[in-house]
Amino acid sequence: TVAAKLPIFAGYNQQDAQEFLRFILDSLHEELNRITGRIPYEELKDIKGETDRRGSARWWTNHCNRNDSFLMEVFCGQLKSHV
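All values derive from a computational prediction rather than experimental measurement.

Engineer: Give me the confidence of the model for the protein chain: which residues, what numbers.
Structural biologist: Per-residue pLDDT for the protein chain has a mean of 87; in total, 96% of the residues score no lower than 70. When mean pLDDT is taken per element in the protein chain, helix H3 (residues 52–64) scores highest with 93 and helix H1 (residues 2–5) scores lowest with 75.

Engineer: Tell me what's going on with the side chain of Asn 62, and back it up with residues and numbers.
Structural biologist: As for its placement among the helices and strands, Asn 62 is situated in helix H3. Overall, the relative accessible area of 15% leaves Asn 62 in the buried class. Non-local contacts of Asn 62, meaning those with residues more than four positions away in its chain, are made with Glu 42 and Leu 44.

Engineer: So what's going on with the side chain of Asn 67? Which residues, and what values?
Structural biologist: By secondary structure assignment, the location of Asn 67 is in the loop between H3 and helix H4 (70–75). Accessibility expressed as a relative area gives 8% for Asn 67, which makes it buried. Those residues within four positions of Asn 67 in sequence are excluded, and the remaining contacts are His 29, Asn 33, Ile 35 and Met 72.

Rules and cut-offs
- Residues numbered from 1 in each chain as written.
- Predicted model: local features only at pLDDT ≥ 70, side-chain atom pairs only at ≥ 80, totals over all residues.
- Heavy atoms only, no water.
- pLDDT = per-residue confidence, 0-100.
- Helix = DSSP H or I, 4+ residues; strand = E, 2+ residues; numbered from the N terminus.
- Buried < 20%, exposed > 50% of the residue type's maximum accessible area, 1.4 Å probe, protein only.
- Contact = heavy atoms within 4.5 Å.

If you want it as structure tokens, here you go:
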């Protein structure tokens with residue numbers, strides 16, 4: 001059951017549908033990930049003077065080196081917000 005994997009969904013407490021959808025999609029992605037060897041997470045540091053475009057490409061490449069599934073192709077991307 002879902003509650004066995006994610007105890008927050010046990011019982012009758014109200015949960016956000018977004019949390020559930022995110023859990024399901026993440027679980028499916030992990031099962032369908034075409035990257036077979038688990039590459040350890042490497043924290044990238046911001047580089048002073050680096051353009052947003054270059055930084056974005058560097059972060060996206062780092063992400064794609066560890067994640068490759070049909071779900072990622074459909075649902076993943078990058079956003080940039082302005083305040």
